[in-house]
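Coordinate analysis (summary)
Spelled out, the chains give:
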Amino acid sequence: MDDIIQWLTSGKDYAQGVAVLGRHTKNRALIRHFLCTTPKFAAAKLEYELRKFLKAKPFSIAKPKATTTAKQVITTPEPQTANRKKTIPDIIAQAKNELYELFTAISIAHRKLYELGEGNSEDVVAQRRRILQDRLPLIRRYEKLYLLKERYFDTGEVPAELSRMIAEKVTEELEPAAKDSRKELEALSDVELMKKQHSLKVNINKTVNRLEYQALKKLDTPNPMPESPLRSKLEAKLASQRQQYTLVTQILESRK
């Protein structure tokens, strides 16, 4: 419950709060509700749901603390948990990484909707529609991946559908990205160039993390990807991303 207390005392960021709730409940319909609702309308309910777990805490831990036997029950599973983490298949680790990435993208969409406001001008309505259209497939994939990942922990077997989804995602990521020519980049506005520069930087970091940690985010301990066709393709992709980033940066610098 420490994560709930920390959330309540550190700004109550909506996206973080939904992530915290996801660690404490198996009610996926409730999580979907918060993922599909903007902070303006769901922040109070989210705080209410999290506080319910704090109210239940004394009843769940009072008995174990009273006896030595309870302490043994708490401490003995730790080695098993550590071993379990070590034996999680790579496909499950990849699924967890993508779930994190999807959740982040959905949260960004929520923030954009919130910042857009409730106006009904033609431009605002068009922007809102685009955001909702882009968000829907992210939510659908998140829900499907999550259920398949949880099935592994229930059965001990990796679902074939999960393997297929992850394999398709890896293949899609490794396909050569269409590189913008200098002429196309120079036609972009400063704001568009800065957005592209930021996007390239994020993607470069993800590729580097996959090569050095076999994960989408940096871990405490390096776990380099072994030499393989996949590593070679990722290295080629990284080189291409860096070339594009350098080109975009050069154009921005020339406009100062």
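Owing to the predicted nature of the structure, the values given are computational and were not obtained by experimental measurement.

**Re the overall build of the protein**
- A count of helical and extended segments in the protein gives 12 helices and 0 strands.
- Sequence-ordered secondary structure for the protein, helices as α and strands as β, is α-α-α-α-α-α-α-α-α-α-α-α.
- A total of 256 residues make up the protein; the buried ones form 30% of that total.
- When contacts within the protein are restricted to residue pairs at least 6 apart in sequence, those whose partners lie at least 24 apart make up 64%.
- For the protein, the exposed surface amounts to about 17,000 Å²; the carbon and sulfur share of it is 55%.

**Topic: the pattern of salt bridges**
- As enumerated under the stated definition, the model contains 16 salt bridges in all.
- Between E253 and K256 there is a salt bridge, and its shortest N-O distance comes to 3.2 Å.
- Judged by relative accessible area, which is 47%, E253 ranks as partly exposed.
- The exposed category is assigned to K256, whose relative accessible area is 77%.
- Each of K12, E47 and R51 takes part in a single network of salt bridges with overlapping partners.

**Some details on the packing of aromatic side chains**
- A complete count under the given rule lists 3 aromatic pairs for this structure.
- Arranged with centres 6.5 Å apart and planes meeting at 45°, the rings of F103 and Y142 form a pair that is tilted. Of this pair, F103 sits in helix α7 (residues 90-116) while Y142 is found in helix α8 (residues 122-155), placing the two residues 39 residues apart along the sequence. Just as F103 is buried, Y142 falls in that class too.
- Of the aromatic side chains, those joined through ring pairs into one cluster are F103, Y142 and Y146.

**Here's the deal with the packing of α7 against α8**
- With their axes 9 Å apart at the nearest point, α7 and α8 run at an angle of 155° to one another. One finds that α7 runs roughly antiparallel with respect to α8. Crossing of α7 against α8: the hand is left-handed.
- Tallied by class, the residues present in the contact of α7 with α8 amount to 19 nonpolar, 2 polar and 7 charged.

**Focus: the nonpolar core**
- Residues V18, F34 and L46 are the most contacted members of the largest nonpolar core, which totals 31 residues.
- Within the residue set of this core, elements represented by two or more residues are α1 (2-8), α2 (14-24), α3 (28-35), α4 (39-66), α7, α8 and α9 (160-174).
- Take this core: its biggest share by element is 7 residues, from α7.
- In terms of nonpolar packing, the next biggest core, distinct from the first, is built from 7 residues, L185, L193, L200 and V248 among them.

**Digging into α8**
- Across its 34 residues, α8 extends 50 Å between first and last C-alpha, which sits within 8% of the 50 Å expected from 1.5 Å per residue.
- Turning to α8, its buried residues number three or more, namely V124, I131, R135, I139, Y142, L145, Y146, L148, K149 and Y152.
- Immediately beyond the C-terminal end of α8, within one or two residues, lies G156, with a positive phi of roughly 85°.

**Quick notes on α2**
- Turning to α2, its buried residues are Y14, G17, V18, V20 and L21. For α2, the arc enclosing every buried residue in end-on projection is 160°, short of the 170-degree limit, so these residues lie on one face.

**Some points on the environment of L132**
- Relative to the helices and strands, L132 resides in helix α8.
- The exposure class of L132 is partly exposed, given its relative accessible area of 36%.
- Remark: the alpha-carbon pair of L132 and L113, spanning 19 residues in sequence, is separated by 8.4 Å.

**As for the side chain of R135**
- As for its position among the elements, R135 is in helix α8.
- Beyond its immediate chain neighbours, meaning those up to four positions away, R135 contacts L35, C36, A109, H110 and L113.

**Thoughts on the confidence of the model for the protein**
- Across the protein, the average pLDDT comes to 79, with 84% of residues at or above 70.
- Throughout residues 58-86 the model reports pLDDT below 50, and contacts reaching past four residues in sequence, or to other chains, amount to 6 contacts.

**Quick look at the packing of helix α11 (residues 190-213) against helix α12 (residues 229-254)**
- For the pair α11 and α12, interaxial distance at closest approach is 9 Å and the crossing angle is 155°. Taken as axis vectors, α11 and α12 run roughly antiparallel relative to one another. The hand of the α11/α12 crossing is left-handed.
- The residue makeup of the contact of α11 with α12, split by class, is 13 nonpolar, 6 polar and 8 charged.

Cut-offs used in this document
- Residues numbered from 1 in each chain as written.
- Predicted model: local features only at pLDDT ≥ 70, side-chain atom pairs only at ≥ 80, totals over all residues.
- Heavy atoms only, no water.
- Helix = DSSP H or I, 4+ residues; strand = E, 2+ residues; numbered from the N terminus.
- Buried < 20%, exposed > 50% of the residue type's maximum accessible area, 1.4 Å probe, protein only.
- Contact = heavy atoms within 4.5 Å.
- Areas by Shrake-Rupley, 256 points an atom, 1.4 Å probe, with all protein chains shown as cover.
- Salt bridge = Lys/Arg side-chain N within 4 Å of Asp/Glu carboxyl O.
- Phe/Tyr/Trp six-rings, centres within 6.5 Å; stacked < 30°, edge-to-face > 60°.
- Axes fitted to C-alpha atoms, helices over the stretch in contact; angles between N-to-C directions.
- Parallel < 35°, antiparallel > 145°, perpendicular 65-115°, else oblique.
- Left-handed = near helix turned anticlockwise from the far one by under 90°.
- Nonpolar A, V, L, I, M, F, W, Y, C, P; charged D, E, K, R; others polar.
- Core = buried A, V, L, I, M, F, W, Y, C linked by side-chain atoms within 4.5 Å.
- Expected span 1.5 Å × (residues − 1).
- Arc of directions from axis to C-beta.
- pLDDT = per-residue confidence, 0-100.

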